[in-house]
Amino acid sequence: LHLPHLPFSLCPSSPVPCLSLPLSPVKRKGQSGIVSCLAFSPCQPLYACGSYSRSVGLYSREDGEPLALLLGHLGGVTHLRFSPDGLRLYTGGRKDPEIRCWDLREPGRVLFSVCRTVGTNQRIYFDLDPSGRFLLSGDTEGVVSVWDTAAPPSGDQQPVLQPLLQYQAHRDCSNGLSVHPSMPLLALSCGQRQFSELSDSEGEGEGSLMMSPLPPREENALTLWWAGPRAGEGEGEGEGESRREIESV
């Protein structure tokens, strides 16, 4: 499968430098709730914990000392992702349409947020390309969105970044997403628990009920998508002569 009309390549170019980052301490508070996700900073001696209490805690890797508590999500936090330079932290939750981008140079400040459809308690993953510029996520409707984090967001009080690209990847929920660390490949998984519905049966006795079939959108699959230039493009070759596509798994 090939990403439709992709205006960029997920091929990594140059490595992203890691910068020294002094964290500003905030008033320390305990983090409650079930810790559902964990991420380590690639550059700083700290890690982040996301909780079903809708909070994100930053902790010292050396001794576990709390450094900051980030609040504001509408649902329990289910996924975390540091940027390659360690300056930003992306967080998302269940039944919460927002992915928030936190500025770790000023803990508590949200640089911008992006919106996706998350209508269930299922964990919906997101990922960054190797450069850290492009943010990708699926949603409960099977749509994959791509945002350019270098683009200016709209709005002053609550900056929101608009998607650069959206496409229908699956009929069912696109819950898993991972970008290959060195190749322009995107792995997507889809599927969710489906429940049959009770309905009145026709031609049967009064009060008879029957189970309706599962909806046609049910899809449980893993697919790979080529997210880079096709071989032969721009070299004067005929359409499809050197096209490389990744078959769905």
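Residues numbered from 1 in each chain as written. Predicted model: local features only at pLDDT ≥ 70, side-chain atom pairs only at ≥ 80, totals over all residues. Heavy atoms only, no water.

Engineer: Quick one: what's the story with the overall build of the chain, residue by residue and with numbers?
Structural biologist: Looking only at helices and strands, the chain features 0 helices and 17 strands. By the burial criterion, 44% of the 249 residues in the chain qualify as buried. Taking all contacts inside the chain whose residues are at least 6 apart in sequence as the whole, residues at least 24 apart take part in 49%. Surface accessibility of the chain: about 13300 Å² in total, with carbon and sulfur atoms responsible for 51%. (Helix = DSSP H or I, 4+ residues; strand = E, 2+ residues; numbered from the N terminus. Buried < 20%, exposed > 50% of the residue type's maximum accessible area, 1.4 Å probe, protein only. Contact = heavy atoms within 4.5 Å. Areas by Shrake-Rupley, 256 points an atom, 1.4 Å probe, with all protein chains shown as cover.)

Engineer: Go over the environment of Val179 with me, naming the residues and quoting the values.
Structural biologist: Tracing the sequence through the fold places Val179 in strand E13 (residues 174-179). For the pair Val179 and Leu136, spaced 43 residues apart in sequence, the C-alpha separation works out to 8.5 Å.

Engineer: I'd love a proper account of the environment of Val77, names of residues and values included.
Structural biologist: Position of Val77 among the secondary structure elements: in strand E5 (residues 77-82). Remark: the alpha-carbon pair of Val77 and Thr91, spanning 14 residues in sequence, is separated by 7.0 Å. In this view, Val77 contacts Ser36, Cys37, Gly50, Ser51, Tyr52, Arg54, Ser55, Val56, Gly92 and Gly93; residues no more than four positions away in its chain are not counted.

Engineer: An account of the nonpolar core is needed here, citing residue identities and associated values.
Structural biologist: Among the nonpolar cores identified, the biggest contains 14 residues, and Ala48, Val56, Leu58, Leu80, Phe82 and Leu89 are the most heavily contacted of them. Contributing elements (two or more residues each) for this core: strand E1 (35-40), strand E2 (46-51), strand E3 (55-60), strand E4 (66-71) and E5. With 3 residues, E5 is the single largest residue contributor to this core. Ignoring any residue separated from it by four or fewer positions in sequence, one finds Leu58 in contact with Leu46, Tyr47, Ala48, Glu65, Pro66, Leu67, Ala68, Leu89 and Leu104. Listed in part, the 12 residues of the second largest apolar core include Phe134, Leu136, Tyr167 and Val179. (Core = buried A, V, L, I, M, F, W, Y, C linked by side-chain atoms within 4.5 Å.)

Engineer: Could you give an account of the packing of aromatic side chains, with specific residues and numbers?
Structural biologist: Following the criterion strictly, the structure yields 4 aromatic pairs and no others. Between Tyr47 and Tyr59 the ring centres are 5.6 Å apart and the planes differ by 25°, which places this aromatic pair in the stacked class. Placement of the pair is Tyr47 in strand E2 and Tyr59 in strand E3, with a sequence separation of 12 residues. Using a relative accessible area of 16% as the deciding quantity, one classes Tyr59 as buried. These aromatic residues form a ring-pair network of at least three members: Phe40, Tyr47 and Tyr59. Between the NZ or CZ atom of Arg94 and the centre of the ring of Tyr52, over which it lies, the distance is 3.9 Å. (Phe/Tyr/Trp six-rings, centres within 6.5 Å; stacked < 30°, edge-to-face > 60°. Lys NZ or Arg CZ within 6 Å of the ring centre and 35° of its normal.)

Distances and angles like these do not, on their own, reveal function.
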